[in-house]
6 protein chains.
Amino acid sequence: MAEAQPRGVADSRSSVVRLMVPTDANFMGNIFGGAILAEVDRVAYVTATRHSGLNCVTASFDRVDFIAPVHVGQVVEFDARLTYVGRSSMEVWVRIDAEDLSGGGKRLVGNAFVTMVAVDKKGRPLEVRPLSLTTTEERQLFAEGRERMVLRRQGRRAERTR
Amino acid sequence: MAEAQPRGVADSRSSVVRLMVPTDANFMGNIFGGAILAEVDRVAYVTATRHSGLNCVTASFDRVDFIAPVHVGQVVEFDARLTYVGRSSMEVWVRIDAEDLSGGGKRLVGNAFVTMVAVDKKGRPLEVRPLSLTTTEERQLFAEGRERMVLRRQGRRAERTR
Amino acid sequence: MAEAQPRGVADSRSSVVRLMVPTDANFMGNIFGGAILAEVDRVAYVTATRHSGLNCVTASFDRVDFIAPVHVGQVVEFDARLTYVGRSSMEVWVRIDAEDLSGGGKRLVGNAFVTMVAVDKKGRPLEVRPLSLTTTEERQLFAEGRERMVLRRQGRRAERTR
Amino acid sequence: MAEAQPRGVADSRSSVVRLMVPTDANFMGNIFGGAILAEVDRVAYVTATRHSGLNCVTASFDRVDFIAPVHVGQVVEFDARLTYVGRSSMEVWVRIDAEDLSGGGKRLVGNAFVTMVAVDKKGRPLEVRPLSLTTTEERQLFAEGRERMVLRRQGRRAERTR
Amino acid sequence: MAEAQPRGVADSRSSVVRLMVPTDANFMGNIFGGAILAEVDRVAYVTATRHSGLNCVTASFDRVDFIAPVHVGQVVEFDARLTYVGRSSMEVWVRIDAEDLSGGGKRLVGNAFVTMVAVDKKGRPLEVRPLSLTTTEERQLFAEGRERMVLRRQGRRAERTR
Amino acid sequence: MAEAQPRGVADSRSSVVRLMVPTDANFMGNIFGGAILAEVDRVAYVTATRHSGLNCVTASFDRVDFIAPVHVGQVVEFDARLTYVGRSSMEVWVRIDAEDLSGGGKRLVGNAFVTMVAVDKKGRPLEVRPLSLTTTEERQLFAEGRERMVLRRQGRRAERTR
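For clarity, every value in this text was computed on a predicted model and none was experimentally measured.

Caption draft 1: Just the overall build of chain A, in detail. Within chain A one finds 3 helices and 7 strands. Traced from its N-terminal end to its C-terminal end, chain A shows the element sequence β-α-β-α-β-β-β-β-β-α. Here chain A holds 162 residues, and 59% of them are scored as buried. Within chain A, residue pairs in contact and separated by at least 24 positions form 70% of the contacts whose partners lie at least 6 positions apart.

Have a look at this one:
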């Protein structure tokens, strides 16, 4: 099946810049974490769907760290790339940077790892094409992604048996 | 300081029911994970602020699992309660249930653990009142929350030294 | 018909807490009455649909009083319960309380009585299951609700004959 | 004070047409009553502020009847005019008409009576300029508005003494 | 075909007043041009659909000038009328006025010329009824609209051959 | 003044990808032109502010062509770059491409030229740093942008003297 040809990380990498407006903020002017995660989810969805060519749903947000607060008037960049692809699940790493438009450059404000699963109309998992790896960084991220998945499964099992 | 008197889990527990509308859905009628997380973040913020009486920001989403898809027209209930309170951080567990209005009862669709931090106007952490525990379930959730925090710190340290 | 078994007030009672954000406010920081009514309508819809298991539409907002202004940053709780159920119409009382997150407790800010009607796909009224009453308060609210409905019908008739 | 010169009904009359989009609808394609009331509140606010030149807040929605359902794709017209002006409160009648864009003309779908109050920055009532009446219809609407206000006050008093 | 009877400019003229809220503004309190254009597009769509009775899509925004800034709390009026009607395209002129509610009257803040095209379900152009002109101003606007269309076509041709 | 050092086109180029959701569509599933222009305005604002380091407002949308319709579920990419910089005004070209996520590649759906002006807090124009040009394409776009500005000024003058 031609569809199943592996694709590279760069083929589905997606980037969004978004100006944070008062709608996204609480009454202190801090952007809600939820407003950022809504954007993270959308860009992860775009990346997973671009790679697989299939309809995808969010299975989990595995770790989201907000390193620095984001304020109204800043431009936030969401850079999403695949790190790990299993049989039907895909891990997307979204790096979040913020920038004051008045200068000062970009600054890392957060990281998120989102697991998306390709599904058919009834919600059953579908097999996705493999991810072809070309750089050393890509290989390392893939190994770390696989490790995270194993840990997550162990974590869930541990929880169930506790 | 009277403000620092411990408060119980029930004092800050917050519940939201929300009807999912087409705005929240992708073109397949599935509700975006991001739309759900935006609501999770808001109810966790309410719970953390109710407990502390201080302004709070989201530090991390530690584990979010979407167990079943959510559809347009369902009512989703977000039930947020504190599990663990440290010096300035609070872990909020948000249990997410969905219900078809035409009957069939509620069904667990997801769980999220959100860490909120109380901060002053310059974003520096503030000490929050302790959490008083009264039931066995509360004590167990507190112990698990403390364990998750230790694991997260170890995870970050491991990452930095890798 | 099993569907037509009466249900109690508690079975369909629905509660929403919502953090008021700048989006909901005019430029003085006061929350628009319309933003509150949009939420009132949604929670009344949830309550009426939970009771009837049928699709419902809003027939009228019979009396809405805003007792105190609501501000950005407050948490508003909407508590909806059935007061009166006729053949196809249901009266829902939504009590609206606001709370400063920095402490001070909840305060009644408004009340609304919404009449919802169960309809089929062509918009024709459908019969709904009766409401079973168990407490004295429920019986009193039911009698008042019936009285309000009679007054509304008289009001409309008076208007037509004037 | 020049500001206190009476103004006519036509001076503050305000009209809004709005295309109803899927965002405003439930999953059956019916527009939420709440979406319509949010618009009613905004246009009533515009009318009351135009008349008084002062900041206004919504005091009550006194009677809202939805005569016919509104659907996605229809254009809804909200026509707001003052009916009664007391010392600091103003009653605004909003007539709601819907129109299929594919032809067939406008159709009355609802009526709402909104009471707005002019307030200072601390929320205390401010005196508003009188309403000058020129047509027979304006005089009749004013008399009916005054009657509604008396009935509302009696209704509230009756409720308190019950 | 009765449908093809010409209609006058007044038959499809549409007006919207909208209160600008913080959601529409950047962090300086200036309303985004994009928020204004979104409203311009909607009212132009209403006008073109009212005239043609057909589904319309936006073909181009031919010239939009923002003459003065718009601020949160102002009421903006969008007055849309047809200027020129070709075989399947309609030019709509939207005049944009802003008004401080605290007095001072309306002030022209912008003008936009939007070309809408009537299309069938596959997006193919459909013929629209002619525009009947009755006043001298309408005839002048029609001539200017036709001139703009010729210039736009020349502009596009010049661009392609450069 | 160090701030006034010229900057290249690449330094302020900004790209946004956005998944079009039902909120952005009319009831035929076509994305509103206005929803696209709102995004165009935001990305043009980001580009102009990045270049100038100053607060910018939209002066005009000079020509917007919608070449093909955009549908719910497509990913739209907005690629904004400076073409011409005058004393205080900047012309931003936004190229709009749409992509079906199920494959088939990107397709040009529109182009827009937006003029932004840097202003101080009172809305008075501020001088902006020059644009340094390095490629042949950049020089050609600059020349065309200057030509468009001259034509626009002539167009306005012709209009005034007519």
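Caption draft 2: Highlighting helix 2 (residues 33-52) of chain B. Residues and elements named next belong to chain B. Over its 20 residues, helix 2 extends 28 Å from the first C-alpha to the last, a length consistent with the 28 Å expected when each residue adds 1.5 Å. Of all the 20 residues making up helix 2, 19 are buried; the element is thus mostly covered by neighbouring parts of the structure. Gly53 lies just past helix 2 and shows a positive phi near 65°.

Caption draft 3: Representation of the nonpolar core within the structure. Membership of the largest hydrophobic core comes to 184 residues, with the highest contact counts inside it found for Val40(A), Val40(B), Val40(C) and Val40(D). Counting 92 residues, the second-largest nonpolar core is a separate cluster that includes Leu37(E), Val40(E), Val64(E) and Tyr45(F).

Caption draft 4: Structural context of the sheet that holds strand 4 (residues 74-85) of chain B. Reading across from one edge, 2(A)-4(A)-5(A)-6(A)-3(A)-3(B)-6(B)-5(B)-4(B)-2(B) is the order of the 10 strands in this open sheet, with antiparallel pairing throughout. Taken across any chain shown, the strands that pair with only one partner, and hence form the sheet edges, are strand 2 (14-19) of chain A together with strand 2 (14-19) of chain B. Within the sheet, the average angular offset between the axes of one strand and its neighbour, ignoring direction, is 25°. Looking at chain direction, strand 5 (residues 89-100) of chain A and strand 6 (residues 106-118) of chain A are connected through 11 bridges and run antiparallel. Across the sheet, Val94(A) pairs through a bridge with Ala112(A), a residue of strand 6 of chain A. The strands touched by helix 2 of chain B are strand 3 (56-66) of chain A together with strand 2, strand 3 (56-66), strand 4, strand 5 (89-100) and strand 6 (106-118) of chain B; relative to strand 3 of chain B, the strand with the most contacts, the crossing angle is about 135°.

Caption draft 5: Spotlight on the side chain of Asp62(F). Residue and element names in this part refer to chain F. Mapped onto the secondary structure, Asp62 falls in strand 3 (residues 56-66). Separated by 3.0 Å, the side chains of Asp62 and Ser60 make a polar contact. For Asp62, the side chain forms a polar contact with the side chain of Thr115, separated by 2.8 Å.

Caption draft 6: Main features of the packing of helix 2 (residues 33-52) of chain E against helix 2 (residues 33-52) of chain F. Two numbers describe how helix 2 of chain E lies on helix 2 of chain F: the axes approach to 8 Å, and their chain directions differ by 170°. The orientation of helix 2 of chain E with respect to helix 2 of chain F, classified from their angle, is roughly antiparallel. Touching Gly33(E), Gly34(E), Leu37(E), Ala38(E) and Asp41(E) of helix 2 of chain E are Gly33(F), Gly34(F), Leu37(F), Ala38(F) and Asp41(F), all from helix 2 of chain F. When its residues are assigned to classes, the contact of helix 2 of chain E with helix 2 of chain F shows 4 nonpolar, 4 polar and 2 charged.

Caption draft 7: Layout of the packing of aromatic side chains. Under the criterion given, the structure shown has 18 aromatic pairs over all chains. For the ring pair Tyr45(A) and Phe32(B), a centre distance of 5.8 Å and an interplane angle of 90° mean the geometry is edge-to-face. Remark: Phe32(B) occurs in the loop between strand 2 and helix 2 and Tyr45(A) occurs in helix 2 (residues 33-52); the pair is interchain, linking two chains. Residues Trp93(B) and Phe113(B) carry aromatic rings whose centres are separated by 6.3 Å and whose planes lie at 15° to one another, so their mutual orientation is stacked.

Caption draft 8: Main features of the environment of Thr115(A). All names here are of chain A. Tracing the backbone shows Thr115 in strand 6. With 24 residues separating them along the chain, Thr115 and Glu91 place their C-alpha atoms 4.5 Å apart. Not counting residues within four places of it along the chain, the set of residues in contact with Thr115 comprises Val57, Thr58, Ala59, Ser60, Asp62, Ser89, Met90, Glu91, Met149 and Arg152.

Caption draft 9: Representation of the pairing of strand 4 (residues 74-85) of chain F within the structure. All names here are of chain F. Burial runs high along strand 4: 12 of the 12 residues are buried. Bridge analysis of strand 2 (residues 14-19) against strand 4 gives 6 bridges, and the strand direction is antiparallel. Bridge assignment links Ser14 to a residue of strand 4, and that residue is Ala80. Of the pairings in the sheet, the one linking strand 4 to strand 5 (residues 89-100) comprises 11 bridges and is antiparallel in character. Paired with Phe78 across the strands is Ile96, a residue of strand 5.

Caption draft 10: Local environment of the confidence of the model for chain A. Residue and element names in this part refer to chain A. Of all residues in chain A, 90% attain a pLDDT of 70 or more, and the chain-wide mean is 86. Taken element by element, chain A is modelled with least confidence in helix 3 (residues 136-161), mean pLDDT 81, and with most confidence in strand 7 (residues 131-132), mean pLDDT 96. As scored by the predictor, the complex reaches a pTM of 0.80 and an ipTM of 0.80.

Reading the values: the criteria
- Residues numbered from 1 in each chain as written.
- Chains lettered and ligands numbered in written order.
- Predicted model: local features only at pLDDT ≥ 70, side-chain atom pairs only at ≥ 80, totals over all residues.
- Heavy atoms only, no water.
- Helix = DSSP H or I, 4+ residues; strand = E, 2+ residues; numbered from the N terminus.
- Buried < 20%, exposed > 50% of the residue type's maximum accessible area, 1.4 Å probe, protein only.
- Contact = heavy atoms within 4.5 Å.
- Expected span 1.5 Å × (residues − 1).
- Core = buried A, V, L, I, M, F, W, Y, C linked by side-chain atoms within 4.5 Å.
- Pairing = 2+ DSSP bridges.
- Axes fitted to C-alpha atoms, helices over the stretch in contact; angles between N-to-C directions.
- Polar contact = N/O pair within 3.5 Å; in protein donor to acceptor, adjacent residues only side chain to side chain.
- Parallel < 35°, antiparallel > 145°, perpendicular 65-115°, else oblique.
- Nonpolar A, V, L, I, M, F, W, Y, C, P; charged D, E, K, R; others polar.
- Phe/Tyr/Trp six-rings, centres within 6.5 Å; stacked < 30°, edge-to-face > 60°.
- pLDDT = per-residue confidence, 0-100.

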